[in-house]
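# Structural overview for review
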Amino acid sequence: MMQTIINHLRGQVRVRLECTYPERVLNLCSARGINFWGLTWESPTSFSCVLSRNHYHALRRAVKQIDCTLSVVKKEGAPYFLLRFRHRHALLIGLTICALALFIGSFFIWDFQVEGNKTVPTENILRALEHENVKIGSFGLSLDGENIRNHVLLEIPELSWITVNVSGCRANVQVVERIKAPQLLDKRRPCNVVARRSGLILQMQTLGGAPCVLRDSLVTQGQLLISGVVDTDTFGARITGGMGTVKGRTWYTLTANVPLTGQEKQYTGQKKTGVSVIFGTHRIKFFSNSSIEEENYDKITKNNHWQLFGIPLPVRIEQEVYRFYQTAAVEQTPERLEKQTGLILSDYLESIVSPYGTVEKTEITSRQRGTILTVTLQAECVEEIGQTVPFFTE
């Protein structure tokens, strides 16, 4: 297979030789080192074979010494294919211009790739780079990395480091976000730690003040956990900052009432497609009107970035597909509705608990009353239940 590909790349010729003594041709090829393959005998005095392009010219010169007739049956391969275009000057000029444009365009930036950002949006980073003339179409060899870094860090204080590395037509932007310094604890501020919500105490760590509850005890919301008033044996009570962490086990019960009849999308089969060509930052639309009034539809956008030999080109095809639908009343099954509502309640519970702890176990139940389905989510969580509350003294 590999040898076949090589033969087509360098060109091969199928020839037909006719000679009174064909063995003289074979001996001549052996003496001159002319390789051939695909030998086929057509008659006792003629045969055909396949040679490479270079060996074909050598055989043509060699058979002039003997009484032999050589005729070409077929020429194939890349060299002969390209020779067909030698008289098409417009095509050659166009290929030259394209190659020159590709070579010159490789020194400009046509694509961005941002890495390392988690909280800072990519759009903000690209906008800050654009203010420093680092945008699509910028000359990649003229970038001043130190100047870009100093100005972008001033514009986006959430970043502590940024660098722009240009590789071909792509600019790789690598950033490191700034780590916020933790808030210093003021141990002299009088405060207590109270229960943020009811639960079972699993672990308590006191950093200041005196603990008021024991481990494995149940507490209610607002109950005092760590007091800022500490009794001393000699000087009476001393007011300080009650601080610490209290981890506890909590329970949640979330309920939602949903009707069994609802609205559902039903696609009509009608579609509308709009195609745009984006060259750099300029958009060319190939449809007349992109606004759709008084219609229910889903919009699907597909982007196709053009590349040539792995090099991104400043051309992007954007296709917008509008799928029209109508809403109709449908009767939903309790099982399906319970599953959908349970997922919504689970996401809501996660948003409540995630800043303080984790959800350990959940159980979803439902009960139908007429056309209303009551879905209940019961969960067991482990979270931080302590809350610092300052108090003031005269």
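It should be emphasised that the depicted structure is a prediction, and the values quoted were computed from it without experimental measurement.

About the cut-offs
Position numbers for residues count from 1 along each chain, tracking the sequence in the order it is written. Selection of residues for local features in this predicted model requires a pLDDT of at least 70, selection of side-chain atom pairs for listing and counting requires 80 or more, and totals for whole chains, interfaces and linings are taken over all residues. Think of the side-chain values as coming from all heavy atoms in the structure, minus any hydrogens and water. Secondary structure follows DSSP: runs of H or I at least 4 residues long count as helices, runs of E at least 2 residues long count as strands, and numbering of each begins at the N terminus. Think of it in three bands: with a 1.4 Å probe and only protein chains considered, a residue is buried below 20% of the maximum accessible area for its type, exposed above 50%, and partly exposed in between. We place a 1 Å grid over just the protein atoms. Points where a 1.4 Å probe fits but has no way out form a cavity, open points with protein on both sides within 12 Å along at least 5 of 7 lines form a pocket, and any residue with an atom within 4 Å of a point lines it. Grid points are joined across faces, edges and corners, and a volume is the space filled by probe spheres set on the points. Three residue categories are used. Nonpolar comprises Ala, Val, Leu, Ile, Met, Phe, Trp, Tyr, Cys and Pro, charged comprises Asp, Glu, Lys and Arg, and polar comprises the others, including Gly. The pairing criterion is simple: DSSP has to find at least two bridges between the two strands. Only the stretch in contact is used when fitting a helix axis, every axis being a line fitted to C-alpha atoms; angles between N-to-C directions are given from 0 to 180 degrees. For a helix, the expected span equals 1.5 Å multiplied by the residue count minus one. Think of the arc as the fan of directions from the helix axis to the C-beta atoms. Residues count as neighbours in contact if any of their non-hydrogen atoms are within 4.5 Å of one another. For salt bridges, the criterion is a side-chain nitrogen of Lys or Arg within 4 Å of an Asp or Glu carboxyl oxygen. The patches described consist of residues with a relative accessible area above 30% and no salt bridge, like charges being joined within 9 Å and nonpolar side chains (Val, Leu, Ile, Met, Phe, Trp, Tyr) within 5 Å. Using the Shrake-Rupley algorithm and a 1.4 Å probe, accessible areas are obtained, with residue cover drawn only from the displayed protein chains. What is meant by a nonpolar core is a set of buried Ala, Val, Leu, Ile, Met, Phe, Trp, Tyr and Cys residues, joined one to another through side-chain atoms within 4.5 Å.

In this section: unusual backbone geometry. The backbone of Asn133 sits at a positive phi, close to 65°, despite the residue not being glycine. Structurally, the position occupied by Asn133 is in the loop between helix H6 (122-131) and helix H7 (145-155). Judged by its relative accessible area of 54%, Asn133 is exposed. Phi at Asp216 takes a positive value of approximately 65°, unusual for a residue other than glycine.

Turning next to empty space enclosed by the protein. According to the stated counting rule, one finds one cavity of 30 Å³ or more in the structure shown. Quantified by volume, the largest cavity comes out at close to 30 Å³. Considering the residues around the largest cavity, the lining is formed by Leu17, Val25, Leu26, Cys29, Phe36, Phe47, Cys49 and Leu59. The set of elements that each furnish at least two residues to the lining of the largest cavity consists of helix H2 (22-32) and strand E3 (46-52). It is H2 that contributes the most residues to the lining of the largest cavity, three residues altogether. Of the residues belonging to the lining of the largest cavity, the class tally is eight nonpolar, no polar and no charged.

Pairing is antiparallel across the open sheet formed by four strands, whose spatial order is E2-E3-E1-E4. At either end of the open sheet lies a strand with only one pairing partner, and these are strand E2 (37-43) and strand E4 (68-76). Each strand axis lies, on average, 20° off the axis of its neighbour in the sheet, ignoring direction. Here strand E1 (residues 12-19) runs beside E3; their pairing, made up of seven bridges, is antiparallel. Following the sheet pairing, Arg14 is matched in E3 by Val50.

Next up on the list: helix H8 (residues 334-353). Taking 1.5 Å of rise per residue, 20 residues should cover 28 Å, and H8 covers 28 Å from first to last C-alpha, within 8% of that figure. Those residues of H8 not exposed but buried are Leu337, Thr341, Gly342, Leu345, Leu349 and Val353. Along the axis of H8, the buried positions cluster into a sector of 130°, meaning they face one direction only. H8 presents Lys339, Leu343, Ile344 and Asp347 as exposed residues on the side facing more than 90 degrees away from its buried surface. Turning to H8, the residues buried within the fold contact strand E15 (243-259), strand E20 (357-369) and strand E21 (372-384).

All told, the structure shown has nine salt bridges when counted by the stated rule. Residue Arg196 pairs with Glu383 through a salt bridge whose shortest N-O separation is 2.7 Å. Of this pair, Arg196 sits in the loop between strand E8 (191-195) and strand E9 (199-208) while Glu383 sits in strand E21; the two residues are 187 residues apart in sequence, bridging distant segments of the chain. Each member of the pair, Arg196 as well as Glu383, carries the same accessibility label: buried. For Glu380, the salt bridge goes to Lys361, with nearest N and O atoms at 3.8 Å. Separated by 19 residues along the polypeptide, Glu380 in strand E21 and Lys361 in strand E20 bring together distant segments of the chain. What emerges from the salt-bridge pattern is a single network uniting Arg16, Glu18 and Glu42.

A word on a nonpolar patch on the surface. Together, Leu100, Phe103, Ile104, Phe107, Phe139 and Leu141 give the surface a local cluster of nonpolar side chains, amounting to about 600 Å² of exposed area. On the basis of relative accessibility, which here comes to 31%, the residue Phe107 falls in the partly exposed class.

By the secondary structure assignment, Gln223 is in the loop between strand E11 (218-219) and strand E12 (224-227). As a C-alpha pair, Gln223 and Glu115 span 108 residues in sequence and 47 Å in three-dimensional space. Look past the residues within four positions of Gln223 in its chain and what remains in contact with it is Val193, Val194, Ala195, Val213 and Leu218.

Another aspect to go through is the environment of Phe279. In this structure, Phe279 sits in strand E16 (residues 261-279). Taking the relative accessible area as the measure of exposure, Phe279 reaches 45% and is therefore partly exposed. The spatial distance from the C-alpha of Phe279 to the C-alpha of Ile136 is 10.0 Å, given a sequence separation of 143 residues. Residues within four places of Phe279 in sequence aside, it is in contact with Pro314 and Val315.

This part covers the nonpolar core. Judged by nonpolar contacts, the single largest core of 18 residues is most densely connected at Val15, Leu17, Val25, Cys49, Leu51, Leu59 and Cys68. Elements with a contribution of two residues or more to this core: E1, H2, E3 and helix H3 (53-62). Each residue touching Cys68, except ones within four places of it in the same chain, is listed here: Leu17, Glu18, Cys19, Val25 and Val63. Residues Phe112, Val114, Ile156 and Leu159 belong to the second largest nonpolar core, which totals 17 residues.

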